[in-house]
Amino acid sequence: MTLLEFLRYEQRLTGTKIGCREGDCGAYTVLVGALENDTIKYQSITSCISPLGNAHGKHIVSVEGTNLQSKLTAQQEAMKANYATQCGFYTPGFVVSLTGFALSNSKKTTAMH
């Protein structure tokens, strides 16, 4: 069983979509958190091709877990303000990817490379 199948069919978290099932489309993106030096570090992964066993001992965050408040997150607000949404099918994956980037220690820049 893949992580995607577990999230959708066992946990009923259907915000993570089934797309290409090849790791190319991004509709299935989730965050995986692992403890490193007393800090949880997150990275985006392709849940459609990730075996469920790889999630053992990890903190998994689907799109449903990115916003537990009654208002939009900074990432959702930025997408809204810049008309960056597509259809509702791929947007959840974008939100999760942006959330993962915001949580990372990656250098943030506005320059295009």
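Here we summarise the structure given alongside this text. (Residues numbered from 1 in each chain as written. Predicted model: local features only at pLDDT ≥ 70, side-chain atom pairs only at ≥ 80, totals over all residues. Heavy atoms only, no water.)

Backbone geometry at Arg 12 places phi at a positive 60°, although glycine is not the residue there. Counting through the fold element by element, Arg 12 comes out in the loop between helix H1 (3-10) and strand S1 (29-36). On the accessibility criterion, Arg 12 (62% relative accessible area) is exposed. Here the phi dihedral of Arg 21 falls at roughly 60°; this positive angle occurs in a residue that is not glycine. Within the secondary structure layout, Arg 21 lies in the loop between H1 and S1. (Helix = DSSP H or I, 4+ residues; strand = E, 2+ residues; numbered from the N terminus. Buried < 20%, exposed > 50% of the residue type's maximum accessible area, 1.4 Å probe, protein only.)

Here we have three strands laid out as an open sheet, ordered S2-S1-S3, and antiparallel in their pairing. Each edge of the sheet is formed by a strand with only one pairing partner; in this case those strands are strand S2 (39-46) and strand S3 (59-61). Each adjacent strand pair in this sheet contributes to an overall mean axis angle of 25°, direction not counted. Across eight bridges, S1 lies against S2 in antiparallel orientation. If you follow Gly 33 over to S2, its bridge partner there is Tyr 42. Sheet contacts for helix H3 (residues 91-103): S1, S2 and S3; angle to S1, the most-contacted strand, approximately 25°. (Pairing = 2+ DSSP bridges. Axes fitted to C-alpha atoms, helices over the stretch in contact; angles between N-to-C directions. Contact = heavy atoms within 4.5 Å.)

A word on helix H2 (residues 74-81). Along H2, the residues classified as buried are Gln 75, Gln 76 and Met 79. Taken around the axis of H2, the buried residues stretch over an arc of 100°, which confines them to a single face. Opposite the buried face of H2, at more than 90 degrees from it, the exposed residues are Ala 74, Lys 80 and Ala 81. Tyr 83, located one to two residues past H2, shows a positive phi value of around 50°. (Arc of directions from axis to C-beta.)

A few words now on the environment of Thr 91. You can see Thr 91 is positioned in helix H3. Judged by relative accessible area, which is 13%, Thr 91 ranks as buried. Taking C-alpha positions, Thr 91 is 9.6 Å from Val 63, a pair spaced 28 residues apart along the chain. Excluding its chain neighbours within four sequence positions, the residues that come into contact with Thr 91 are Met 79, Thr 85 and Gln 86.

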